[in-house]
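An overview of the molecular structure
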Amino acid sequence: MRHAPGQERSMPTTSSHSGRVAVVTGAAGGFGTAISLELARRGADIIAVDLKAAEDTISAVREIGRKGITLQADLADPEQVEAITADMRAFAGRIDILVNNAGIFPFRNVWELDFAEWKRIQSINLDSQFLMAKAVMGSMRENSWGRIVNLASNSLGLTVPDMVPYMAAKGGVVGFTRALATDLAPYGITVNAVCPTASSTPGGQTFIGDEVLQAVAEMQAIKRVGSATDIVGAVCFLSSDDCAFMTGQTLVADGGLMRV
Ligand SMILES: NC(=O)c1ccc[n+]([C@@H]2O[C@H](COP(=O)([O-])OP(=O)(O)OC[C@H]3O[C@@H](n4cnc5c(N)ncnc54)[C@H](O)[C@@H]3O)[C@@H](O)[C@H]2O)c1
């Protein structure tokens, strides 16, 4: 039987992340849950951070046989990130992997956009990645090993209206990734970004909607709507030992829409 590309994945048997401790932000649903579960299947223990309690994600992590905790914080708020930093460290005594996934992607007409909304979208999508990197990179440096994976977006390469604040933030994510990669390379820490396509996550349903999700799928080389699990292979690779000589890069895993 033939499958469309990307639909033939079976459950992984790799233990590429055995013994690693991973922080995944935005882990109460969508990509964050899928990433957490795949990292756990590959051997990692999971710290699931979100505005909401990520209880379902952590229950599933424990069913896989890995350890996990959920911590709640608004990652756009430096004081709330500070408040969870000791708890993240206390969970296993160290942090090896950070997946900066939390984000929002509202469409905003630039004529109506005010500065407060602009700042809010930058804070959640970009400031949070800086704050979380600062919170964990000291632990990575102590062990001379670390992997930071930042979620960007393929919308950076498209002509989509009403995305000024979101694309500015995600463009910032790519620049942040490149610059941080330079500064952390001497400590054995790699920093890379992933660009997903419009996908049928809870956020995709809320911010994008079925009609546009379908229209985007039609523009892709692989003509089906992206799902939460379509991103996990790229994130797992970038957070593994296999990624030791690759840093500052942006990997586009979007069904072949944006070509770089
Ligand atoms: N789904 C898509 O179509 C798509 C496409 C390209 C890029 N992305 C990016 O992927 C990432 C995840 O998207 P998703 O589709 O899984 O979204 P989602 O809305 O389904 O899940 C995002 C999670 O982040 C959490 N979150 C939001 N703001 C937060 C904050 N201030 N502090 C802590 N947690 C917060 C939410 O509670 C939620 O659980 C985002 O960075 C998004 O920009 C998504």
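An account of the accompanying structure is given in this report. It should be emphasised that the depicted structure is a prediction, and the values quoted were computed from it without experimental measurement. One numbering rule holds for all chains: residues counted from 1, following each sequence as written. A pLDDT threshold of at least 70 governs which residues receive local features in this predicted model, and a stricter bar of 80 or more applies before side-chain atom pairs are shown or counted, although totals over entire chains, interfaces and linings include all residues. Think of the side-chain values as coming from all heavy atoms in the structure, minus any hydrogens and water.

Once that is clear, we can look at the overall build of the protein chain. A run of H or I in DSSP becomes a helix once it reaches four residues, and a run of E becomes a strand once it reaches two; helices and strands are each numbered from the N terminus. For the protein chain, the helix and strand inventory stands at eight helices and seven strands. The dimensions of the protein chain, computed from C-alpha atoms along their principal axes, are 55 × 45 × 35 Å. Accessible area is worked out with a 1.4 Å probe on protein chains only. A residue is then buried under 20% of its type maximum, exposed over 50%, and partly exposed in between. Here the protein chain holds 260 residues, and 49% of them are scored as buried. Looking at the protein chain alone, contacts between residues at least 24 apart form 70% of all its contacts between residues at least 6 apart. Whether two residues touch is decided by their heavy atoms; if any such pair falls within 4.5 Å, the residues are in contact.

Here we come to the nonpolar core. In plain words, nonpolar cores are sets of buried Ala, Val, Leu, Ile, Met, Phe, Trp, Tyr and Cys residues tied together by side-chain atoms within 4.5 Å. By size, the foremost hydrophobic cluster in this structure holds 30 residues, and its most contacted members are Ile35, Leu39, Ile46, Val99, Val194, Ile231 and Val235. Mapped by element, the contributors of at least two residues to this core are strand S1 (21-25), helix H1 (30-41), strand S2 (45-50), helix H2 (55-64), strand S4 (97-100), strand S5 (146-151) and helix H8 (232-238). By residue number, the principal contributor to this core is H1, which donates six residues. Excluding residues that lie within four positions of it along the chain, isoleucine 231 makes contacts with Phe31, Ile35, Leu151, Val194, Cys195, Pro196 and Ala253.

In this description, a pair of aromatic rings is defined by centroid distance and the angle of the planes. Ring pairs are drawn from Phe, Tyr and Trp, using the six-membered ring of Trp, whenever the two centres fall within 6.5 Å, and their geometry is named by plane angle: stacked under 30 degrees, edge-to-face over 60, tilted for the rest. All told, the structure shown has two aromatic pairs when counted by the stated rule. Taken together, a centroid distance of 6.0 Å and an interplanar angle of 45° make the contact between phenylalanine 105 and tyrosine 166 tilted. On the criterion of sequence distance, the pair formed by phenylalanine 105 in the loop between S4 and helix H4 (115-143) and tyrosine 166 in helix H5 (residues 164-184) is long-range, its members being 61 residues apart. Residue tyrosine 166 is classed as buried on the basis of its relative accessible area, which comes to 8%. Between phenylalanine 105 and phenylalanine 207 the ring centres are 4.8 Å apart and the planes differ by 50°, which places this aromatic pair in the tilted class. With phenylalanine 105 in the loop between S4 and H4 and phenylalanine 207 in helix H6 (residues 202-208), this residue pair connects regions lying 102 residues apart in the sequence. Overall, the relative accessible area of 28% leaves phenylalanine 207 in the partly exposed class. Taken together through their ring pairs, the aromatic side chains of Phe105, Tyr166 and Phe207 make up a single cluster. In this analysis the charged atom, NZ for Lys or CZ for Arg, is taken to sit over a ring once it is within 6 Å of the ring centre and within 35 degrees of the ring normal. The ring centre of tryptophan 145 lies 3.5 Å from the NZ or CZ of arginine 20, which sits over that ring. Over the aromatic face of tryptophan 145 sits the side chain of arginine 147, whose NZ or CZ is 4.2 Å from the ring centroid.

Phi at serine 144 is positive, roughly 50°, even though this residue is not glycine. By secondary structure assignment, the location of serine 144 is in the loop between H4 and S5. For serine 144, a relative accessible area of 51% gives the class exposed. Residue aspartate 162 is not a glycine yet carries a positive backbone phi of 65°.

Take leucine 75: it is sitting in the loop between strand S3 (68-72) and helix H3 (78-92). Here leucine 75 falls in the buried class, since its relative accessible area comes to 6%. Taking C-alpha positions, leucine 75 is 7.6 Å from methionine 132, a pair spaced 57 residues apart along the chain. Sequence-distant contacts of leucine 75, that is, excluding residues within four places in its chain, are made with Thr25, Val49, Val81, Ile84, Ala102, Ser128, Leu131 and Met132.

Here we come to the sheet that holds S2. Adjacent strands of a sheet pair through backbone hydrogen bonds, lying either parallel or antiparallel. Spatially, seven strands are ordered S3-S2-S1-S4-S5-S6-S7 in an open sheet, and the strand pairing comes out parallel. Across the chains shown, the open sheet's two edge strands, defined by having one partner strand only, are S3 and strand S7 (250-253). Neighbour-to-neighbour, the strand axes of this sheet turn through a mean angle of 20°, independent of strand direction. Pairing of S2 with S3 involves five bridges; the strand directions are parallel. Within the sheet, the bridge partner assigned to valine 49 lies in S3 and is leucine 71. When DSSP finds two or more bridges between a pair of strands, those strands are recorded as paired. A fitted line through C-alpha atoms represents every axis, and for helices the fit uses only the stretch in contact; the resulting angles, taken between N-to-C directions, go from 0 to 180 degrees.

Here, a salt bridge means any Lys or Arg side-chain nitrogen found within 4 Å of an Asp or Glu carboxyl oxygen. Following the criterion strictly, the structure yields nine salt bridges and no others. Between glutamate 38 and arginine 41 there is a salt bridge whose closest N-O contact spans 2.8 Å. In this pair, glutamate 38 and arginine 41 both sit in helix H1, three residues apart, roughly one turn of the helix. Via salt bridges that share partners, Glu38, Arg41 and Arg42 belong to a single interconnected network.

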